[in-house]
Amino acid sequence: ATVVDVAEGAGVSTSTVSAVMNGEWNVTEIQKKLSVCCVLTVAIILGLQCVGDVYAGGPSGADGTIDLRVMRLPSPIATGVEAQVSRRIIREFVRKYPQYNLAPSDFPRLEGMVDQGPLMSIATGVPPHGIYVNFRQSSTYINHGFLVPLEVLLARVLSDNAMTRETDEQGNWLEDPTPAEIENALSKIRERVEDPAWPVVYRKADTAGRAGIPTGRHVWALPYTHLAMAMLYRRDVFHEAGLDPERAPQTWDEMMEYSRRIRESRSGNFGIMFGTGPVVSWWVYSFLVSKGVEYVRQDEDGNWHAAFNTMDAAEAIYYILRLVHEEFETEDGRKLRGVAFAPLGGGPEMGLKWNRGEIGMRFEYLSYEFTQNINPALVGVAPVPSPPGGRSASEINCQMYGVFSGAPPEQQLGVMRYIWFLTGEYTEAIRTRTFVDAGYGQFLDPATLERHGFHDVAQRVPEEWRRTMEEAFEGGVPEPYGRDTQQVYSYVDDPINFALQRPELLDLPKEDALSRIKVQLDRAAARVDEHMLGELSERDLMIRNFVGGIALFIIIALFVTTITFTWRGFTREEQNLGDRPSFSKLRYAYLMLVPGLALVLFVRYLPLILGIPLALMDYQLAIESQFVGLGNFAKILYDPRFWASMARTFYYVLLVVGLGFWPPILVAILLDEVPTTTLKYIFRTIFYLPTIISGIIMVFLWRQFYDSSESGVLNQIVMSVNHLGPVGGTLVRLILVACWLSLIGFVFSCSIKLKELSWPVRTAIGAFSLALLGATLWPLLSAYIGPDELVIMARGLDPDQVRGWSGVGSYLAGFIGRFDIEPLGWIEDPGMAMVCVVIPMVWASAGPGCII
């Protein structure tokens, strides 16, 4: 209908539009059709411009209301009591301020990237006006100029002077609030923020003074929910283990004892759970802060430094290591290892085991306003246990809203009104009334219930919940919130994972184990100061810039050399073809190439050209970018994570090429040797079937294969050989070794006998077979070298018995006797994860490869 309206407005008939859209091309109508195309193009451009104006934050909607895009609004299909509360608050806000229209702001998220949503939305020009801010991301938002000081905005909202809320035609404020009004607004904000969170909320920007960043201390975001980490425990699991279901462990020693009792009570039970691997330092943050550890600390000059390299941190990591790996003996003589369920990266299995009653304790956020929807008869709440020589402490966090600095003034005022309404007493009364009416009053803060007249409900709140929340906020430590702390977890992960991957540390004297962990903490802290916080001398910066310049020159030289070599190669081929035809003879060919060439230039080369200046800039989305020259190259070349990522990338490529390219060729050769046509088609069909399987089905299929428990498909297959006796186990080992060596010999023979292949291909096949042989002999070489000093010292081994030919003999002796295979971790094992990722890809793509 819009197309027809636009066409008729341009004097083009509806029949002509219909003919164009239906493809009824008539020579006599060409001129009219071209005019319609022009009109439609203009209409589309104008329509996109209107849409762009709306998404860019145009001040008014179609009905004259002001649109406010706010993050974390409730889903319209959510039925939980918290969603009901949020929707009721929004309705009350719109009724009080009918000039505003609240709209959700969200953006697709990448797997493993938690906070990139608002950054991506800002970069694409569709920013939220009200930004959700958490502690660890707050510094990034402040230092990059995304947030507006809220005390100034609130002073405009509360001011009696209407001119402070008016703007001129250029969008500039007509008047500013007075210092007294700003101070009054600041004091009102202070009343709504808990003491532990105030240093996070009210502080200076680390980039203060830079263009676009206000100087001095400011309130950058306002909490609407206060969170504290507490310990939840299952009363039924405690009762089953013979523990008092009304008493949680008070100290680390009691937690270890409770966890061991739970571990031995029933197969599959664990005392406590937390994730390991990536962001393990967040999962175990409560253990570290209970020992008084800070991840980063700000000095008197406002500079941030790593502060986690202390002996207290080493003590906490040693205790975590004990929870995961320490062996203990049960009352009936069994030996068990570890009391913690610690899967790699956490994962959904943690929630399943908790709900099934297989976990005794866990750490969980509790809200000061709304504790949690849990059954107090089944789940108890307690403060984090205190360590030896320490005190109970837990992580403090807040859900906060800030105002985007790039939003128009009307949206800024609207979001500030929404934030102030959301955190006010009227909203608190709405929330309290709704929870009480829904039967969840006993999950609220008792003081809040008393304040709003629900004295009888406040009496039903369990005393342990009241005490837990009071102690948590009294001794709470904010989650890291300093400069660039979004990345600090990855640095603190390294020493913790170092310890967790070396259970032999428990065999050392405790002082030696702590000193080794302390060394790793010192190294990680030095990397934080150098790479994350950029603490370098002028001389180091000069050297790095010089090295970065050389690297940039090499990159440009390689690029120019490659282009030149390719251009000359095509030129020689053209010369071999003879005289070049004239342009007039090839004009239609060039014309047909234009769309494809334009598409390639637009999709590939235009972003590359536009992105080249970014390599030389400290690029900013909301404030002015700064030229840093070769600083980015210098920084990345001296970052060990870059080279580690490069090494993993080459390893991945080697696996994909080695397993994904050569096996299909060998399978194709074998398929060609199948004697009958019928069998050829049967085998080709079998090899091709994985290709047509849905990717989702393939993911779940291989996920079940890689299950690290005893019920995993691959683990069941591998562990089935444990039923063989000593003789059978030895024969199976020898047969497997013989098959593997035969495969290597077959691959090597292909490089000699397949004379129809070119010599580079045959050389590559031979090199691949030699690489397989090297990987096969590597365990023998490792056995000859022997274990490192840590293992020898921890286990009290004789170096002469575990190195040299004695080590090789011990390794070969392992091929004799029965199997005793434990469940393999597969994708949870750092040494096997990459191979496990590649194998499903090869399995799914080998069919088309071998057929081709």
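Residues numbered from 1 in each chain as written. Predicted model: local features only at pLDDT ≥ 70, side-chain atom pairs only at ≥ 80, totals over all residues. Heavy atoms only, no water.

1. Notes on the overall build of the protein
Cut-off, in case you're wondering: Only DSSP runs of H or I reaching four residues or more are called helices, and only runs of E reaching two or more are called strands; each is numbered from the N terminus. Pairs of residues are marked as contacts when any of their non-hydrogen atoms sit within 4.5 Å. Charge counting treats Lys and Arg as positive and Asp and Glu as negative, with His and both chain ends excluded. One atom stands in for each charge, and that atom is NZ of Lys, CZ of Arg, CG of Asp or CD of Glu.
Looking only at helices and strands, one finds 36 helices and 18 strands in the protein. For the protein, the proportion of contacts with a sequence separation of at least 24, taken over those separated by at least 6, is 69%. Looking at charge distribution, the protein has the averaged site of its 72 positive side-chain charges lying 5 Å from that of its 94 negative ones.

2. Digging into the layout of surface pockets
It is a probe the size of a water molecule, rolled over the atoms, that shows where empty space is left. Rules: Only protein atoms enter the 1 Å grid used here, on which a cavity is any set of points holding a 1.4 Å probe that cannot leave and a pocket is any open set flanked by protein within 12 Å on both sides along at least five of seven lines; residues with an atom within 4 Å of a point are listed as lining. Grid points are joined across faces, edges and corners, and a volume is the space filled by probe spheres set on the points.
Here the second largest pocket is characterised by a volume of approximately 1800 Å³. Lining the second largest pocket we find 40 residues, and of these Trp740, Leu772, Ala775, Thr776 and Val835 sit closest to its centre. Mapped onto the lining of the second largest pocket, the elements with two or more residues apiece are helix H26 (640-660), helix H27 (662-672), helix H31 (726-753), helix H32 (759-785), helix H35 (804-813) and helix H36 (833-851). Considering every element that reaches the lining of the second largest pocket, the biggest residue donor is H32, with 9 residues.

3. Examining helix H11 (residues 252-265)
Going by this rule: A helix is expected to span 1.5 Å for every residue after the first. Three exposure classes are used, based on accessible area relative to the maximum for each residue type with a 1.4 Å probe and protein chains only: buried under 20%, partly exposed in between, and exposed over 50%. This arc is built from the directions going out from the helix axis to the C-beta atoms.
Taking 1.5 Å of rise per residue, the 14 residues of H11 would be expected to cover 20 Å, and the 20 Å separating its terminal C-alpha atoms lies within 8% of that figure. Turning to H11, its buried residues number three or more, namely Trp252, Met255, Met256, Tyr258, Ser259, Ile262 and Arg263. Down the axis of H11, the sector holding all buried residues measures 165°, keeping them to one side.

4. Some thoughts on the nonpolar core
Here is the rule we go by: Buried residues of nine kinds, namely Ala, Val, Leu, Ile, Met, Phe, Trp, Tyr and Cys, make up a nonpolar core once their side-chain atoms join them within 4.5 Å.
Grouped together as the largest cluster of nonpolar side chains are 156 residues, with contacts concentrated most on Phe287 and Phe308. Sorting elements by how many residues they give to this core places helix H14 (residues 311-325) first, with 10 residues. When residues no more than four places from it in sequence are discounted, the contact partners of Phe308 are Val293, Glu294, Tyr295, Ala313, Val492, Leu521, Ala524, Ala525 and Val528. Leu666, Val747, Leu754 and Ile765 belong to the second-largest nonpolar core, a separate cluster that totals 9 residues.

5. Some remarks on the pattern of salt bridges
Here is the rule we go by: By definition, a salt bridge exists where a carboxyl oxygen of Asp or Glu is found within 4 Å of a side-chain nitrogen of Lys or Arg.
In the structure shown here, the tally under the stated rule is 25 salt bridges. Among the ionic pairs, Asp195 bridges to Arg190, the shortest N-O distance being 2.8 Å. A residue is classified by how much of its surface remains accessible, and Arg190, at 29% relative accessible area, is partly exposed. With its nearest N and O atoms 3.0 Å apart, the salt bridge here joins Arg362 to Glu364.

6. Considering helix H4 (residues 81-96)
Between its terminal C-alpha atoms H4 stretches 23 Å, which fits the 22 Å expected from 16 residues at 1.5 Å a residue. Along H4, the positions that sit buried rather than exposed are Val81, Ala83, Val85, Ile89, Ile90, Glu92 and Phe93. Check the buried side of H4 and you find it contacts strand E2 (100-104), helix H16 (409-422) and helix H17 (425-437).

7. Structural notes on a nonpolar patch on the surface
Spelled out, the test is: Note on patches: the residues involved have over 30% relative accessible area and no salt bridge, like charges join within 9 Å, and the nonpolar side chains Val, Leu, Ile, Met, Phe, Trp and Tyr join within 5 Å. Accessible surface area values rest on a Shrake-Rupley calculation with a 1.4 Å probe, where residue burial reflects the displayed protein chains alone.
On the surface, a nonpolar cluster with roughly 930 Å² of combined accessible area is contributed by Leu670, Val737, Trp740, Leu741, Leu743, Phe746, Phe748, Ile752, Leu770, Leu773 and Leu777. Taken together, the elements giving at least two residues each to the nonpolar patch come down to H31 and H32. If one sorts the elements of the nonpolar patch by residue count, H31 sits on top with 7 residues. Turning to its location among the elements, Ile752 is positioned in helix H31.

8. A short note on empty space enclosed by the protein
Selection rule: The residue classification treats Ala, Val, Leu, Ile, Met, Phe, Trp, Tyr, Cys and Pro as nonpolar and Asp, Glu, Lys and Arg as charged. All others, Gly included, are polar.
The tally for this structure, following the rule as stated, stands at 4 cavities of 30 Å³ or more. Taken as a whole, the largest cavity encloses approximately 60 Å³ of empty space. Around the largest cavity, the lining residues are Met229, Ala230, Pro383, Val384, Ser392, Ala393, Ser394, Thr468, Glu471, Ala472 and Gly475. Ranked by the residues each element gives to the lining of the largest cavity, the list is headed by helix H20 (residues 463-474), at 3 residues. When grouped by side-chain class, the residues that make up the lining of the largest cavity number 6 nonpolar, 4 polar and 1 charged.

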